[in-house]
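Summary of the model geometry
The residues making up each chain are set out below.
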Amino acid sequence: MSFGNGSEVLGDEKYLPYNISGTVSVGNVFLDSGTPEMYLPQDFHDRLVAEVKQQILSDSIAVYLPRLCYINANNLNVPILTVHFEGADVLLMPIHTFEAENGITCFEVYPSNNNIGDGFGLYGNYAQSNFLIGYDMEKMTVSFKPTDCTKY
């Protein structure tokens, strides 16, 4: 992460198969490097979960409510999600949105009103992994650049 004036991260990243463009202006989403999961307002969360269920051609299980979970993660066709910020689109690969443990794979996006209040989102560190993130306090923008963090 880069902080301060001129911290915008730009340029092509040759290690990853996806790109983003632009910068993100200040809005109603908290970027939290200390919280792993993503939190979204209840209505938006519910619509996203319904869409993810339609994209994954497997039966979900109700092991860890209210989470969306599946058994036998090796056969799942997990969708790539696009986060549409004002001024930038960020592609989230399955590693950013799902976690596998003990043969069960769960969607790591939760409704925010059950935990931290309604009306805003929290963009956790799973979604931030393998991105260089710059916080330009003068421009009041956040920049994302895909990268391979194992190379640093």
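A brief structural summary.

Moving on to the state of the cysteines. Tallied over the entire structure, the rule returns one disulfide. Between cysteine 69 and cysteine 106 runs a disulfide, and the two sulfur atoms are separated by 2.0 Å. Measuring the twist about the S-S bond at about 105°, one finds the cysteine 69-cysteine 106 disulfide to be right-handed. Taken as a pair, cysteine 69 in strand 5 (residues 69-71) and cysteine 106 in strand 9 (residues 104-107) lie far apart in primary sequence, 37 residues in all. Exposure remark for cysteine 69: the relative accessible area of 0% places this residue in the buried category. The exposure class assigned to cysteine 106 is buried, which follows from its relative accessible area of 2%.

This part is about the packing of aromatic side chains. Applying the stated criterion across every chain, the model contains six aromatic pairs. Pairing phenylalanine 85 with tyrosine 123 gives two aromatic rings, centres 5.5 Å apart and planes at 65°, and the pair type is edge-to-face. Placement of the pair is phenylalanine 85 in strand 6 (residues 81-85) and tyrosine 123 in strand 11 (residues 121-123), with a sequence separation of 38 residues. Overall, phenylalanine 85 belongs to the buried group, its relative accessible area being 13%. According to the relative accessible area criterion, tyrosine 123 is buried, its value standing at 2%. With centroids separated by 5.0 Å and ring planes inclined at 45°, the aromatic side chains of phenylalanine 98 and phenylalanine 107 adopt a geometry described as tilted.

So, how was this worked out
- Residues numbered from 1 in each chain as written.
- Predicted model: local features only at pLDDT ≥ 70, side-chain atom pairs only at ≥ 80, totals over all residues.
- Heavy atoms only, no water.
- Disulfide = S-S within 2.5 Å.
- Helix = DSSP H or I, 4+ residues; strand = E, 2+ residues; numbered from the N terminus.
- Buried < 20%, exposed > 50% of the residue type's maximum accessible area, 1.4 Å probe, protein only.
- Phe/Tyr/Trp six-rings, centres within 6.5 Å; stacked < 30°, edge-to-face > 60°.

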